[in-house]
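Secondary and tertiary structure notes
Okay, here's what each chain looks like letter by letter:
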Amino acid sequence: MVLGDVVRPESRSERTRTELAQQTRVGEALVRGLVRAQLALALRLSLVVAVGLGGLPWLFAIAPSVGRVTVLGVNLPWLLLGVASFPFLVTVGWAYVRLAERNEQDFTDLVQRPEH
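Since we're looking at a predicted model, the values are computed, not measured. (Residues numbered from 1 in each chain as written. Predicted model: local features only at pLDDT ≥ 70, side-chain atom pairs only at ≥ 80, totals over all residues. Heavy atoms only, no water.)

So, on to a nonpolar patch on the surface. Taken together, Val69, Val71 and Leu72 make up a surface patch of nonpolar side chains, about 300 Å² in accessible area. Within the secondary structure, Val71 sits in strand 1 (residues 70-71). Residue class for Val71 comes out partly exposed when judged on its relative accessible area of 35%. (Patch = residues over 30% accessible without salt bridge, like charges linked within 9 Å, V, L, I, M, F, W, Y side chains within 5 Å. Areas by Shrake-Rupley, 256 points an atom, 1.4 Å probe, with all protein chains shown as cover. Salt bridge = Lys/Arg side-chain N within 4 Å of Asp/Glu carboxyl O. Helix = DSSP H or I, 4+ residues; strand = E, 2+ residues; numbered from the N terminus. Buried < 20%, exposed > 50% of the residue type's maximum accessible area, 1.4 Å probe, protein only.)

Below you can see the structure in the form of structure tokens.
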């Protein structure tokens, strides 16, 4: 027997990478799962932004006394919508990037996980 004729069995991670590269049904299902996880994350954080920023005008409409509050001579609505909204959006963006990277790392770990 010649060593070149010996075929070693393919490991699970190699099969998974092959499935992804050849875009088989299994590979497509794995990628679809990642896309769904990323979409769900984006929708959840979009809802946080919509409620966080979209809820402020509703708060001022429902409770006009809150809209008349002043802090250091500036009306509270101006501070919240004009100043505080930017750090809020940066924080949500930072959280999105961190969580999206975690989703991708989980996907990579799944694909590269050795067979036990």
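Considering the arrangement of structural elements, one finds Ser85 in helix 4 (residues 76-112). Residue class for Ser85 comes out buried when judged on its relative accessible area of 7%. Look past the residues within four positions of Ser85 in its chain and what remains in contact with it is Leu53 and Leu80. (Contact = heavy atoms within 4.5 Å.)

Glancing now at the side chain of Gln38. Along the chain, Gln38 turns up in helix 2 (residues 25-62). Contacts of Gln38, omitting those with residues within four sequence positions, involve Tyr96, Ala100, Asn103 and Glu104.

Glancing now at the confidence of the model for the protein. Confidence along the protein averages 81 in pLDDT terms, with 78% of residues attaining 70 or more. Of all secondary-structure elements in the protein, the lowest mean pLDDT belongs to helix 1 (residues 12-21), at 59, while helix 4 reaches the highest, 90. (pLDDT = per-residue confidence, 0-100.)

Moving on: helix 2. Along its 38 residues, helix 2 runs 52 Å from first to last C-alpha, staying within 8% of the 56 Å computed at 1.5 Å per residue. At Gly55, helix 2 shows its maximal kink, close to 35°; a proline, Pro57, follows between one and four residues later. The complete set of buried residues in helix 2 reads Gly27, Leu34, Gln38, Leu41, Leu45, Leu56 and Phe60. (Expected span 1.5 Å × (residues − 1). Bend = angle between axes of the 7 residues up to and from the residue.)

Moving on to the packing of helix 2 against helix 4. At their nearest, the axes of helix 2 and helix 4 sit 10 Å apart, and the two run at 165° to each other. Here helix 2 is positioned roughly antiparallel relative to helix 4, judged by the angle of their axes. Like other packed secondary-structure pairs, helix 2 and helix 4 cross with a definite hand, here right-handed. (Axes fitted to C-alpha atoms, helices over the stretch in contact; angles between N-to-C directions. Parallel < 35°, antiparallel > 145°, perpendicular 65-115°, else oblique. Left-handed = near helix turned anticlockwise from the far one by under 90°.)

Glancing now at helix 4. Compared with an ideal rise of 1.5 Å per residue, which puts 37 residues at 54 Å, helix 4 spans 51 Å between its outermost C-alpha atoms and is within 8% of the ideal. Buried within helix 4 we find Leu76, Pro77, Ser85, Val92, Ala100, Phe107 and Val111.

Take unusual backbone geometry next. Comment: phi is negative for the bulk of residues other than glycine, and the bulk of peptide bonds are trans. You will see that Leu72, though not glycine, has its phi angle at about 55°, which is positive. Mapped onto the secondary structure, Leu72 falls in the loop between strand 1 and strand 2 (74-75).

Assignment of secondary structure puts Ala42 in helix 2. Ala42 sits in the partly exposed class, given a relative accessible area of 26%. Sequence separation between Ala42 and Leu99 is 57 residues, and the spatial gap between their C-alpha atoms is 9.7 Å.

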